[in-house]
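Below, each chain spelled out in residue letters.
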Amino acid sequence: MELLQELHTLIVEHVGDGGRRATVVDGVAVAVVNEPTPPVVAPVPGPTLAIVAQGTMRTVFNGEPYEYGAGKYVIASLDLPSTSQVIQADRDEPLSVFIMDLRPQAIASLLVETDEAGAPPTEREFSVTDATPKLLEPVVRLLRAARCPDELRVLGPAYQREILWRLITGNQGGVIRQIGLADSSITHIARAIDRIRRHYHEPLNVTDLAHLSGMSTSSFHRHFRAATSATPIQFQKTIRLQTARTLLWARTGSVTAIAHRVGYESPSQFHRDYRRMFGTSPGRDTQ
């Protein structure tokens, strides 16, 4: 508890009065939220580590909710569509989070130094685990060092490396190892996800995506579902509908115009899919 309390104090210190997010060093950030928020449609940028020091969050993937609070850490191995919200926070006890990019090259450099790097590779798109003192200690040391630019420059890389090592040898070591393996299925599927995300409004060609990933079509389908819990078509539909909802909330056009904009040829199909995913009509969301 003492480590968590110090982590929260350091996060608040780095964000400063009235702030919400601050960059500590390249690839490392902290965030503070003072009140509960509505569900926000946004991808979880992966691969990413997030440690909650105080407060509670909920993230939903493909209709499955993940709730995590103080002392929990989250690994998002891919850039997946999601809906996230802060469900417990106020000005006296705000949500505070430590966020760090999980860079494959940095992980790979650790993997080559040992044959005993935790659990075997696995495919999980989103995982929640208890943060042990061994993991929290280098995180706290990193934020302490950030108070002094010279200390951060000299010691920061070592602390980040230790954080990665604690992840590799922890309960989610298989997920972390998979991120660091250059030829892992996650790396290949990430290319397909990036293509779908950038061209979500265009017709989907699964054969082309399989070729981009260096897999047969059947193998691609199997690995894609294992990594995202969805088929490529379902994944694209989720991207389209979440983008549409953001556009509707921003009132950037009519329901029909937005349906076409995100790639739907049939407005009636758009209405059906939208209601099935969000439990309400697109017309009601514009209000």
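Conventions adopted
Residues numbered from 1 in each chain as written. Predicted model: local features only at pLDDT ≥ 70, side-chain atom pairs only at ≥ 80, totals over all residues. Heavy atoms only, no water. Salt bridge = Lys/Arg side-chain N within 4 Å of Asp/Glu carboxyl O. Helix = DSSP H or I, 4+ residues; strand = E, 2+ residues; numbered from the N terminus. Buried < 20%, exposed > 50% of the residue type's maximum accessible area, 1.4 Å probe, protein only. Expected span 1.5 Å × (residues − 1). Phe/Tyr/Trp six-rings, centres within 6.5 Å; stacked < 30°, edge-to-face > 60°. Lys NZ or Arg CZ within 6 Å of the ring centre and 35° of its normal. Pairing = 2+ DSSP bridges. Axes fitted to C-alpha atoms, helices over the stretch in contact; angles between N-to-C directions. Parallel < 35°, antiparallel > 145°, perpendicular 65-115°, else oblique. Contact = heavy atoms within 4.5 Å. Nonpolar A, V, L, I, M, F, W, Y, C, P; charged D, E, K, R; others polar.

1. Observations regarding the pattern of salt bridges
Counting across every chain of the model gives 11 salt bridges. Among the ionic pairs, arginine 141 bridges to glutamate 162, the shortest N-O distance being 2.4 Å. Pair noted here: arginine 141 is in helix 3 (residues 133-145) and glutamate 162 is in helix 4 (residues 149-168), with a separation of 21 residues, a long-range link. The partly exposed category is assigned to glutamate 162, whose relative accessible area is 22%. Linked by salt bridges that have partners in common, Arg141, Glu162 and Arg166 make up one network.

2. Some thoughts on helix 5 (residues 173-180)
With eight of eight residues buried, helix 5 lies mostly within the body of the structure. Among the residues of helix 5, those classed as buried are Gly173, Gly174, Val175, Ile176, Arg177, Gln178, Ile179 and Gly180.

3. Here's the deal with helix 3
With 13 residues, helix 3 should cover 18 Å at 1.5 Å per step; its first-to-last C-alpha distance of 18 Å lies within 8% of that length. Among the residues of helix 3, Leu135, Leu136, Pro138, Val139, Val140, Leu142, Leu143 and Ala145 are the ones counted as buried.

4. Comments concerning the packing of aromatic side chains
One pass over the structure, following the stated rule, counts five aromatic pairs. Grouped by ring-pair contacts, the aromatic residues Tyr264, Phe270, Tyr274 and Phe278 constitute a single cluster. Above the ring of tyrosine 264, the side-chain terminus of arginine 240 is found at 6.0 Å from the ring centroid. Positioned over the ring face of phenylalanine 278 is arginine 245, at 4.2 Å from the centre of the ring.

5. Regarding the pairing of strand 9 (residues 95-101)
Among the seven residues that make up strand 9, six are buried, leaving the element largely enclosed by the rest of the structure. Sheet topology note: the strand 2 (residues 28-33)/strand 9 ladder contains six bridges and is antiparallel. The residue of strand 9 that forms the bridge with valine 32 is serine 96. Bridge count between strand 4 (residues 48-54) and strand 9: six bridges; the pairing is antiparallel. Across the sheet, residue threonine 48 finds its bridge partner in strand 9, namely aspartate 101.

6. Some thoughts on the packing of helix 6 (residues 185-198) against helix 8 (residues 217-228)
Direction vectors running N to C along helix 6 and helix 8 enclose 85°, while the axes themselves pass 10 Å from each other. The orientation of helix 6 relative to helix 8 falls into the category roughly perpendicular. In this structure, helix 6 contributes Ser185, Ile189, Ala192, Ile193 and Ile196 to the contact, and helix 8 contributes Phe220, His223, Phe224, Ala227 and Thr228. Residues that form the contact of helix 6 with helix 8 fall into these classes: seven nonpolar, three polar and no charged.

Interpretation in functional terms is not warranted from these geometric data alone.
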